[in-house]
Amino acid sequence: MTVALAVPDVLVARAKAGDQAALEALFRAFETPVYNLARRIMRTPEDAEDVLQETFLEVVRSIGQYRGEGHLWGWIRRIAATKALMRIRRDHLRAAEPLDDEPAGRPGSQVGANIDLERAFEHLSDTSRSVVWLHDVEGYTHEEIAELMGKSVSFSKSQLARAHARLRRLLGEGAHA
Amino acid sequence: MMHCTMDDLLALRAGEASVWARKHIETCAACRAELDALYQRVAQLKALPALRPPRDRWPVVREALRGDRARRRRTWGAWGGSLAAAAALAGVLLVRPNHAALHAELAQAKEQSATLEDALQRYDVDGRVLSGRAAALVADLEDRIAVIDGALTLGGGRTDAPAQDAQLVKLWQQRVDLMQRLVTVRVTRARYVGL
């Protein structure tokens, strides 16, 4: 999903001054891309909704700190990605699971050849989904992902390679590598 | 025959591949097909439809924002109340009559503001439902109070000149006026809910 949202400077200025209508306008402009990012990374719609809410709570509370450097979407997206990754880390800590574990699969789901890409993507581990989405779709560098995840650049690169290898297997593609 | 690994393919895509991988991809049709498939997968991921939130989460965010503002107001109220006593004492001690009068007015406005904050807290019970019109009015008044609080933050610490004091008194009096209107809206709503 490509986001090319241009937000008028005057709207941002009003939001920074605490204007509630302007803050709501920002929410309406970015709620779908934020939810989409969260939903692609999180395992359930409920978790993605919580990330959406937590993201905008932070946005409305700290919009004054946005200095206008770079696109506003980049600033909001970073908050959303951080919230999503924090939630994944917390959930894994609670479940005492390593971050890069492959999921066990969902009840009733058949993993095999010829499933579509969207379903195959859902079968990746939380960490693999995060890395693939942030790198391949949102355009984050491995350095940025490593910083967001508190991991090394090589961790991000190896996660991306493992994820693509698994996607290829799930999609029944390729014979080597 | 040795083929490209997924690491090699990703490195090729990023323009960071080894010399061996760059040479190999030129001669190996299978690896070129793998690289094409990688590009296609990524293009398909980018083309997935946007998923939209099933429920509107703005009301929750808005209420949290109002809660923040209410807490800030209460902080200001407490700050104003405690400073009111200090300002009153300062007013007594000051020699210049004009300055003393301003400080007395300032102390009075702050005391009124603190009293209204207390009144507001009594009526501002969570969980009560506002009509749309009342909610809009409350939001507008809260926004205007927030603007005044912002101005007080900027100028509140500088009370060394009569002109600045006069401006401070004016701001506090405006705040009292808005607080009175806010309390009136809340009281009206409370009576309405109580029917």
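Fair warning: this is a prediction, and the values are worked out from it, not measured in the lab. (Residues numbered from 1 in each chain as written. Chains lettered and ligands numbered in written order. Predicted model: local features only at pLDDT ≥ 70, side-chain atom pairs only at ≥ 80, totals over all residues.)

## Some thoughts on the overall build of chain B
Phase 1 of the analysis: Within chain B one finds 7 helices and 0 strands.
Phase 2 of the analysis: Of all 195 residues assigned to chain B, the portion counted as buried reaches 23%.
Phase 3 of the analysis: The contacts in chain B between residues at least 6 apart in sequence include a share of 69% that link residues at least 24 apart. (Helix = DSSP H or I, 4+ residues; strand = E, 2+ residues; numbered from the N terminus. Buried ≥ 20, exposed ≤ 12 C-beta atoms within 10 Å, placed from the backbone. Contact = placed C-beta atoms within 7 Å.)

## Considerations on the overall build of chain A
Phase 1 of the analysis: Counting its secondary structure elements, chain A contains 8 helices and 0 strands.
Phase 2 of the analysis: Mapped in sequence order, the helices and strands of chain A form the string α-α-α-α-α-α-α-α.
Phase 3 of the analysis: Per-residue burial over chain A gives 39% buried out of 177 residues.
Phase 4 of the analysis: Taking the intrachain contacts of chain A between residues at least 6 apart in sequence as the baseline, contacts between residues at least 24 apart amount to 61%.

## Remarks on the nonpolar core
General note: in soluble globular proteins, nonpolar side chains tend to be found buried as a group.
Phase 1 of the analysis: Grouped together as the largest cluster of nonpolar side chains are 51 residues, with contacts concentrated most on Leu26(A), Val34(A), Ala38(A), Val51(A), Leu52(A), Ala80(A) and Ala84(A).
Phase 2 of the analysis: When residues in this core are grouped by element, the largest group, 10 residues, is from helix α2 (residues 20–41) of chain A.
Phase 3 of the analysis: Counting residues in hydrophobic clusters, the runner-up holds 14 residues, among them Ala107(B), Leu116(B), Leu168(B) and Val183(B). (Core = buried A, V, L, I, M, F, W, Y, C linked by C-beta atoms within 7 Å.)

## Some thoughts on the interface of chain B and chain A
Phase 1 of the analysis: Taken together, the contact between chain B and chain A spans 34 residues of the former and 35 residues of the latter.
Phase 2 of the analysis: Taken together, the elements giving at least two residues each to the side of chain B that touches chain A come down to α1 (6–14), α3 (29–46), α4 (58–93) and α6 (132–155) of chain B.
Phase 3 of the analysis: Looking at the side of chain B that touches chain A element by element, the count peaks at 9 residues for α3(B).

## Notes on the packing of helix α7 (residues 142–149) of chain A against helix α8 (residues 153–170) of chain A
Residue and element names in this part refer to chain A.
Phase 1 of the analysis: Between α7 and α8, whose axes approach to 8 Å, the crossing angle comes to 105°. Looking at the two axes, α7 sits roughly perpendicular to α8. Residue-level contacts link His142, Glu143, Ile145 and Ala146 of α7 to Val153, Phe155, Ser156 and Lys157 of α8.
Phase 2 of the analysis: Here the contact of α7 with α8 is built from residues that sort into 4 nonpolar, 2 polar and 2 charged. (Axes fitted to C-alpha atoms, helices over the stretch in contact; angles between N-to-C directions. Parallel < 35°, antiparallel > 145°, perpendicular 65-115°, else oblique. Nonpolar A, V, L, I, M, F, W, Y, C, P; charged D, E, K, R; others polar.)

## Focus: helix α3 (residues 45–62) of chain A
Phase 1 of the analysis: For α3(A), spanning 18 residues, the distance from its first C-alpha to its last is 26 Å, which sits close to the expected 26 Å at 1.5 Å a residue.
Phase 2 of the analysis: Along α3(A), the residues that are buried comprise Ala48(A), Val51(A), Leu52(A), Gln53(A), Glu54(A), Thr55(A), Phe56(A), Val59(A) and Val60(A). (Expected span 1.5 Å × (residues − 1).)

## Some points on the packing of α2(A) against α3(A)
Residues and elements named next belong to chain A.
Phase 1 of the analysis: Packing of α2 against α3 brings their axes to within 9 Å, and their N-to-C directions diverge by 140°. Judged by the inter-axis angle, α2 sits oblique to α3. The hand of the α2/α3 crossing is right-handed. Seen from α2, the contacting residues are Leu23, Leu26, Phe27, Glu31, Val34, Tyr35, Ala38 and Arg39; seen from α3, they are Pro45, Ala48, Val51, Leu52, Thr55, Phe56, Val59 and Val60.
Phase 2 of the analysis: Class assignment of the residues belonging to the contact of α2 with α3 gives a composition of 13 nonpolar, 1 polar and 2 charged. (Left-handed = near helix turned anticlockwise from the far one by under 90°.)

## Here we look at the confidence of the model for chain A
Phase 1 of the analysis: On average, residues of chain A carry a pLDDT of 86, and 83% of them reach 70 or more.
Phase 2 of the analysis: Taken together, the stretch residues 104–114 of chain A has pLDDT below 50 and engages in 6 contacts with residues farther than four places along the chain or on a different chain. (pLDDT = per-residue confidence, 0-100.)

## Quick notes on the confidence of the model for chain B
Do not read the fine detail of predicted coordinates wherever pLDDT is low.
Phase 1 of the analysis: Averaged over chain B, the pLDDT score is 79; the fraction of residues at 70 or greater is 71%.
Phase 2 of the analysis: Across the interfaces of the predicted complex, the ipTM metric reaches 0.84, alongside a pTM of 0.66.

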